[in-house]
Amino acid sequence: MGTILIVAETQNGAIRETSYELVTLAQQIGGTVKSVVIGSGVGDLASEFAGKGGGETFVADDAGLSNYNVEGWNKAIRAAVDAAGADLVLISNTPLGWDVAPRVAAGLDAAFVSDCFDAKDEGGKVVCHRRVFNGKLDAQLTCNADKTVLTVQPGAKEPFSGSGDGSTSALSVDLSGVRAKFVETKQAESTGIDLTKADVVVSGGRGVGDPEKFPEVIQPLAEALGGAMGASRPVVDAGWLPHAHQVGSSGQVVTPKLYIACGISGAIQHLVGMKASNYIIAINKDADAPIFEVADLGVVADLFEVVPALTDAVKAAKG
Amino acid sequence: MKVMVCLKQVPHQDAKLDVNADGTWIQEDNIKFEINSYDTYALEEALRIKDADGDTEVVVVSIGPDRVTQALRTALGMGADRAVHVNDDEAVSSDSLGIAKVLAAVAKEEGPDLVFTGLMTDDGNWSAVPPMLAELMDVPSATGVLHTEGANGSLQVERELEGGAVEVVELPKPCLAAIQTGANQVRYASLKGIMQAKKKPIDVKSAGDLGVSGVGSAGAKVTIDKIAPPPKGDSAEILSGSTDEVVSGLVGKIKELGLL
């Protein structure tokens, strides 16, 4: 695949683990691996990444890049593509990646595929896999352009943990003309609901159908099991439950001993937040719901029949 | 002020999805369609600007076949002023970059101060077109936007990060914001709105009318080879039987886990 450029991402003073996942994917695709690290005062991080699989690493180090800025990052990545002579650019599908990657692709007039979980080189063409229709179907795509930009689903590959030959070189980026301005980052407000500490999380999704059914049907099972109540994004978006209950990439990431998903189809952004649970039970009337792929035990039925009966049985078993 | 809202009509979220004969997309006959959920939040965000400032014009733009008229009528019924419908077989078959090129041509004609889109679509989940469109228009952009506020020729937005954190960014106009679901409470079209919508104009165009060439399936840089249900390799063990049998199986497992 010629040259592959990894756009490494820093967070809280370290290289994100997802960047090492990109190294694994780049090695799997095969080609000369080069990288770019963008920020202010990131020279040491770039050296570290270069020696841990990043290879020849360009460092766009500029006070104007101390906070993420879509136009600044776009310029830095474009400069790195030129400097590296990259044929393929890999970026993690994080809030940073999905913000900037399509701009890079459009500027390069490149092929672009988002949120891939696998990719390979087939006779010089990039062939990749991703999910469509909120996880319900799997798609195989082929890229037909001189350059290709992919964003890669976090967690799709094991992070590379080895070492390799690497070097760093400074990359200057002309930041004139940047209009977007970073103002501040606000952390989530503490709400007192910490789903991450519960042994059991019982979550409801769109299939619960009605905000009143959460206290009537979902909460009682959570309470009977001494656990907490969670929810999928559509429930929170509809205003049925506060954001503090949301499980998923934009809510809380939970790993309880038992996770029970009721009426949740299993969009990727929800699965990211619960798939590492020790044991997963899914109750959904759609046998094709993607939630069953990550569940250990499934029930294809109306949750309004199963959940209240299960609540009663749990209470009876506890005496 | 002019706000351009891009929206896509997609299969209804509860539609049964069957793969089409050549295995490259879904069977679109006999299923219900709706406005992409993310785009309804984008439209609502634009209509709120219009509510606050009556001089604002909201123009909705969609690319798609004849059925898209219904989605545009709904958007007009909700309060948009007029619609542009790019109804062109070639344009419809474009990949994300081709769609962005067509929308950029519409934006060039319209000259909006703000462009609002959804963060992604419920069909392809690509989340590609909005930043591409911003790049082609050469305007600043932000994705995953949960809140917008106008101030001094700029749009201040809050973008969603991970774990409930947000990033506040200031974008001088013209600019583009790709709106996340949950950003607002989306209104319904009122009966009066639906009646008024019948008189509002829908301007139908082709890619050629817009001076765009090289898009469509022939110009696509990404092609879908096949789509299929995900492999069921290590999916769940399914409990079946009566409700009593299922419940007793579940209780047995919960006991085994030491939680009862």
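Residues numbered from 1 in each chain as written. Chains lettered and ligands numbered in written order. Predicted model: local features only at pLDDT ≥ 70, side-chain atom pairs only at ≥ 80, totals over all residues.

Asks: Tell me about the overall build of chain B, residues and numbers included.
Replies: The number of helices and strands found in chain B is seven helices and 13 strands. Looking at the 260 residues of chain B, the share that counts as buried comes to 48%. Counted over contacts in chain B with a minimum sequence separation of 6, partners at least 24 positions apart contribute 69%. (Helix = DSSP H or I, 4+ residues; strand = E, 2+ residues; numbered from the N terminus. Buried ≥ 20, exposed ≤ 12 C-beta atoms within 10 Å, placed from the backbone. Contact = placed C-beta atoms within 7 Å.)

Asks: Requested: an account of the overall build of chain A, with residues and values cited.
Replies: Scanning chain A from N- to C-terminus turns up nine helices and 18 strands. Its C-alpha atoms give chain A principal-axis dimensions of about 70 × 45 × 35 Å. Taken over 319 residues, chain A has a buried fraction of 58%. Restricting the contact set of chain A to residue pairs at least 6 apart, pairs at least 24 apart contribute 64%.

Asks: Lay out the domain arrangement of chain A with the relevant residues and their values.
Replies: Interface size is commonly expressed as the accessible area that is lost once the parts come together. Residues and elements named next belong to chain A. Assigned domains of chain A: these are domain 1 (3–170) and domain 2 (195–318). Taking only C-alpha atoms, the centre of domain 1 and the centre of domain 2 are 34 Å apart. Split into classes, the residues belonging to the side of domain 1 that touches domain 2 amount to no nonpolar, three polar and two charged. (Domains from an automatic or database assignment. Nonpolar A, V, L, I, M, F, W, Y, C, P; charged D, E, K, R; others polar.)

Asks: Hey, could you go over unusual backbone geometry for me, with residue numbers and the actual values?
Replies: Residue Pro174(B) is bonded to the preceding Lys173(B) through a cis peptide linkage, with omega at -5°. On the secondary structure map, Pro174(B) appears in the loop between strand S9 (166–172) and strand S10 (175–179). A positive phi angle, close to 55°, is found at Phe133(A), a residue other than glycine. By the C-beta count within 10 Å, which is 22 here, Phe133(A) ends up buried. Despite not being glycine, Asn134(A) shows a phi value in the positive range, around 55°. Note that Asn134(A) resides in the loop between strand S9 (125–132) and strand S10 (137–143). A residue is classified by how many C-beta atoms lie within 10 Å of it, and Asn134(A), with 19 of them, is partly exposed.

Asks: Tell me about the interface of chain A and chain B, residues and numbers included.
Replies: Of the residues lining the interface, 74 residues belong to chain A; the matching set on chain B comes to 63 residues. Residues that form the side of chain A that touches chain B fall into these classes: 41 nonpolar, 14 polar and 19 charged. The sheet contact formed by strand S13 (residues 181–186) of chain A and S9(B) spans five bridges and is antiparallel. Its bridge partner being in S9(B), Glu184(A) is matched across the sheet by Val168(B). (Pairing = 2+ DSSP bridges.)

Asks: How would you summarise the nonpolar core if you had to cite specific residues and measurements?
Replies: In this structure, Val36(A), Leu90(A), Val5(B), Val60(B), Ala75(B), Val102(B) and Leu103(B) are the most contacted members of the largest nonpolar core, which totals 140 residues. Among the elements that take part in this core, helix H4 (residues 96–110) of chain B stands out by supplying nine residues, more than any other. Ignoring anything within four residues of it in the chain, the contact list for Val36(A) reads Leu5(A), Val7(A), Ala8(A), Thr57(A), Phe58(A), Ala60(A), Ala76(A), Ile77(A), Ala80(A) and Leu171(A). Counting residues in hydrophobic clusters, the runner-up holds 49 residues, among them Phe214(A), Val217(A), Ala222(A) and Leu258(A). (Core = buried A, V, L, I, M, F, W, Y, C linked by C-beta atoms within 7 Å.)

Asks: Account for the confidence of the model for chain B, naming residues and giving values.
Replies: Looking at chain B as a whole, its pLDDT mean stands at 95, while 99% of the residues score no less than 70. With a pTM of 0.94, the predicted complex shows an ipTM of 0.95. (pLDDT = per-residue confidence, 0-100.)

Asks: Just give me the short version of the pairing of strand S1 (residues 2–6) of chain B, but keep the residues and values in it.
Replies: The two faces of the sheet receive side chains in turn, since in a regular strand these alternate between them. Residue and element names in this part refer to chain B. In terms of burial, S1 is a largely internal element, four of the five residues being buried. Both S1 and strand S4 (residues 57–63) contribute to a ladder of five bridges, which runs parallel. Note on S4: the bridge partner recorded for methionine 4 is valine 59. Relative to strand S6 (residues 114–118), S1 runs parallel, the two sharing three bridges. Its bridge partner being in S6, valine 3 is matched across the sheet by leucine 114.

Asks: So, the packing of H4(B) against helix H5 (residues 129–137) of chain B: which residues are in play, and what are the values?
Replies: Residue and element names in this part refer to chain B. Relative orientation of the contacting elements H4 and H5 amounts to 50°, with a least axis distance of 9 Å. Put simply, H4 runs oblique to H5. When you trace H4 past H5, the crossing you get is right-handed. Here Ser96, Leu97, Ile99, Ala100, Lys101, Leu103, Ala104 and Ala107 of H4 lie close against H5, whose contacting residues are Val129, Met132, Leu133, Leu136 and Met137. (Axes fitted to C-alpha atoms, helices over the stretch in contact; angles between N-to-C directions. Parallel < 35°, antiparallel > 145°, perpendicular 65-115°, else oblique. Left-handed = near helix turned anticlockwise from the far one by under 90°.)

Asks: Which residues make up the pairing of strand S5 (residues 82–86) of chain B, and what are the values?
Replies: Residue and element names in this part refer to chain B. Across the five residues of S5, four count as buried, placing the element largely inside the fold. Alignment of S4 against S5, held across five bridges, turns out to be parallel. The residue bridging serine 62 from the neighbouring strand is histidine 85, located in S5. Handedness of the crossover joining S4 and S5 through helix H2 (residues 68–78): right-handed. Where S5 and strand S11 (residues 202–205) come together, four bridges link them in parallel fashion. (Right-handed = clockwise from strand over helix to strand, strands pointing away.)

Asks: Any chance you could break down the sheet that holds S4(B) for me, citing the residues and the numbers?
Replies: The pairing of strands in a sheet comes from backbone hydrogen bonds and takes either a parallel or an antiparallel form. The strand order S13(A)-S9(B)-S8(B)-S7(B)-S10(B)-S6(B)-S1(B)-S4(B)-S5(B)-S11(B) describes an open sheet built from 10 strands, whose pairing is mixed. Of all strands in the sheet, those with a lone pairing partner are S13 of chain A together with S11 of chain B, marking the two edges. If you compare each strand with its neighbour and ignore which way they point, the axes differ by 25° on average.

Asks: So what's going on with the environment of His129(A)? Which residues, and what values?
Replies: Residues and elements named next belong to chain A. Within the secondary structure, histidine 129 is located in strand S9. A residue is classified by how many C-beta atoms lie within 10 Å of it, and histidine 129, with 18 of them, is partly exposed. Separated by 22 residues in the primary sequence, histidine 129 and threonine 151 have C-alpha atoms spaced 11 Å apart.

Asks: Go over the environment of Leu171(A), please, and point to the residues and values.
Replies: Residues and elements named next belong to chain A. You can see leucine 171 is positioned in the loop between strand S12 (167–170) and S13. For leucine 171 and methionine 229, which are 58 residues apart along the polypeptide, the C-alpha to C-alpha distance reads 49 Å. Discounting chain neighbours no more than four positions away, the residues touching leucine 171 are Val36, Phe58, Val59, Ala60, Ala79, Ala80 and Ala83.

Asks: Pulling in residues and values, what's your account of the environment of Ala289(A)?
Replies: Examined against the element boundaries, Ala289(A) turns out to sit in the loop between strand S17 (280–283) and helix H8 (291–294). For the pair Ala289(A) and Thr142(A), spaced 147 residues apart in sequence, the C-alpha separation works out to 26 Å.

Asks: Pulling in residues and values, what's your account of the sheet that holds strand S15 (residues 228–231) of chain A?
Replies: A sheet is described by the order of its strands in space; here six strands give the open sequence S15(A)-S14(A)-S16(A)-S17(A)-S18(A)-S13(B), paired in parallel fashion. Taken across any chain shown, the strands that pair with only one partner, and hence form the sheet edges, are S15 of chain A together with strand S13 (237–239) of chain B. With strand direction ignored, the average angle separating the axes of adjacent strands in the sheet is 25°. Bridge count between S17(A) and strand S18 (residues 297–299) of chain A: three bridges; the pairing is parallel. Looking at the pairing, Ala282(A) lines up with Gly298(A) of S18(A). Where helix H5 (residues 213–224) of chain A meets the sheet, its contacts fall on strand S14 (200–204), S15 and strand S16 (258–262) of chain A, and the angle it forms with S14(A) comes to roughly 160°. The sheet strands contacting helix H9 (residues 303–318) of chain A are S16, S17 and S18 of chain A, and the helix crosses S17(A) at an angle near 135°.

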